[in-house]
Amino acid sequence: MTPPTRKPQDGVPAPSAPERTAASAPRRRDARLNRDRLVVSARAQFAQYGIDASLEEIARQAEVGVATLYRNFSTRDDLVRALYDLALAELHAVRGEIEAAPTPWEALVVYTERVAEWLVAAPSLPPILRRMAQLDPSARPAAEFDGFIASLVARAKKDGTLRRDVDAVDLAVLVTMVGSLGGLGDGYAGQWRRQLSIVLDGLRAADAPRPKLPGRPLDVKDYQATVHGLTRRAARAAR
């Protein structure tokens, strides 16, 4: 026999709306934390194994069940799209800092530094971008940002700080090349600022002053250690 439902008049008052909200808050917080852990894990797994990385391993590294992964991302491509949207948001967040730079050249330096640093720290981006190009070849969500950088390039040329034979696509290619160091291990990744400074020197107008390069170059032993995965010496050299 089913027991009768207890009503407020039975002596147990029904929970108020604030009480119900307070009770659900920890569940919402846990759900957000689970999603955040899945994002971090997916980025790490995609960086190491590509877009075909095991979803089960992504869930395991995030310390959640596979069912939790599928509640947040019903397909692999939903997960890729979510990571892509996060990457775009991070990219557009840099725009305010670029706009605050006092000169067009300094704005371009901020742009190259922040994007290179972003790519070095997130080596999962190249496979994510390639997958998104397959999913939606016509999508150009970064077009507005590309136009913004092109206008900076034009202004830097006009004031004589950027060599005149360089365009915005050149900068995009160069910063992507520097950012790719993040996928080659800590020994290479630790060199990105120095290598970017060399690239920037090549972009300056011929008569522009050239500041001292940061850090120090790897010597032959450091480089060989890096190539063969013995990165402790290289990591020290990059400090």
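Residues numbered from 1 in each chain as written. Predicted model: local features only at pLDDT ≥ 70, side-chain atom pairs only at ≥ 80, totals over all residues. Heavy atoms only, no water.

## A closer look at the overall build of the protein
So, step 1. Looking only at helices and strands, the protein has 13 helices and 0 strands in total.
So, step 2. Secondary structure elements of the protein occur, N-terminal to C-terminal, as α-α-α-α-α-α-α-α-α-α-α-α-α.
So, step 3. Residues classed as buried in the protein amount to 36% of the 239 residues present.
So, step 4. Long-range contacts, defined here as pairs at least 24 residues apart, represent 62% of the contacts in the protein between residues at least 6 apart.
So, step 5. By element, 55% of the accessible surface of the protein is carried by carbon and sulfur atoms, the whole surface being about 14600 Å². (Helix = DSSP H or I, 4+ residues; strand = E, 2+ residues; numbered from the N terminus. Buried < 20%, exposed > 50% of the residue type's maximum accessible area, 1.4 Å probe, protein only. Contact = heavy atoms within 4.5 Å. Areas by Shrake-Rupley, 256 points an atom, 1.4 Å probe, with all protein chains shown as cover.)

## A closer look at a nonpolar patch on the surface
So, step 1. Taken together, the side chains of V169, V173 and M177 present a nonpolar region at the surface, about 290 Å² in accessible area.
So, step 2. Residue position: V173 is located in helix α9 (residues 168-179). (Patch = residues over 30% accessible without salt bridge, like charges linked within 9 Å, V, L, I, M, F, W, Y side chains within 5 Å. Salt bridge = Lys/Arg side-chain N within 4 Å of Asp/Glu carboxyl O.)

## Points about the pattern of salt bridges
Proximity of charged atoms lets side chains of opposite charge pair with each other.
So, step 1. Taken as a whole and judged by the stated rule, the model has 10 salt bridges.
So, step 2. The partner of R114 in a salt bridge is E97, and the shortest N-O contact between them spans 2.8 Å. Note that R114 is positioned in helix α6 (residues 104-121) and E97 in helix α5 (residues 95-100), a separation of 17 residues in sequence.
So, step 3. Look at R114 and you get partly exposed, because its relative accessible area is 25%.
So, step 4. Each of E97, E113 and R114 takes part in one network of salt bridges that share partners.

## Describing the UniProt feature "DNA-binding region" (unreviewed entry) in the protein
So, step 1. In the numbering adopted here, UniProt assigns the feature "DNA-binding region" (unreviewed entry) to residues 54-73.
So, step 2. Secondary structure within residues 54-73 divides into 70% helix and 0% strand; the distance between the first and last C-alpha atoms comes to 14 Å. (UniProt positions renumbered as here; feature names shortened; annotations may be inferred.)

## Quick word on unusual backbone geometry
So, step 1. The backbone phi angle of E63 is positive, close to 60°, even though this residue is not glycine.
So, step 2. Examined against the element boundaries, E63 turns out to sit in the loop between α2 (55-61) and α3 (66-72).
So, step 3. On the basis of relative accessibility, which here comes to 69%, the residue E63 falls in the exposed class.

## Here we look at the packing of α6 against helix α11 (residues 192-203)
For any two helices packed against each other, one specifies the inter-axial angle together with the distance between the axes.
So, step 1. In contact at an axis separation of 11 Å, α6 and α11 are set at 145° when each is read in the N-to-C sense. When you trace α6 past α11, the crossing you get is right-handed. Listed contacts from α11 to W105, V109, T112, E113, A116, E117 and V120 of α6 are W192, R193, L196, L200 and L203.
So, step 2. In terms of residue class, the contact of α6 with α11 is made up of 8 nonpolar, 1 polar and 3 charged. (Axes fitted to C-alpha atoms, helices over the stretch in contact; angles between N-to-C directions. Left-handed = near helix turned anticlockwise from the far one by under 90°. Nonpolar A, V, L, I, M, F, W, Y, C, P; charged D, E, K, R; others polar.)

## Some thoughts on the nonpolar core
So, step 1. By size, the foremost hydrophobic cluster in this structure holds 36 residues, and its most contacted members are I98, Y111, I149 and L162.
So, step 2. Listing elements by their share of this core, those giving two or more residues are α4 (76-93), α6, α8 (143-158), α9, α10 (186-189) and α11.
So, step 3. Here this core gets 10 residues from one element, more than from any other, and that element is α6.
So, step 4. What L162 contacts, discounting residues up to four positions off in sequence, is W105, L108, V153, A156, K157, L203 and A205.
So, step 5. Residues A53, A59, A82 and I128 belong to the second largest nonpolar core, which totals 21 residues. (Core = buried A, V, L, I, M, F, W, Y, C linked by side-chain atoms within 4.5 Å.)

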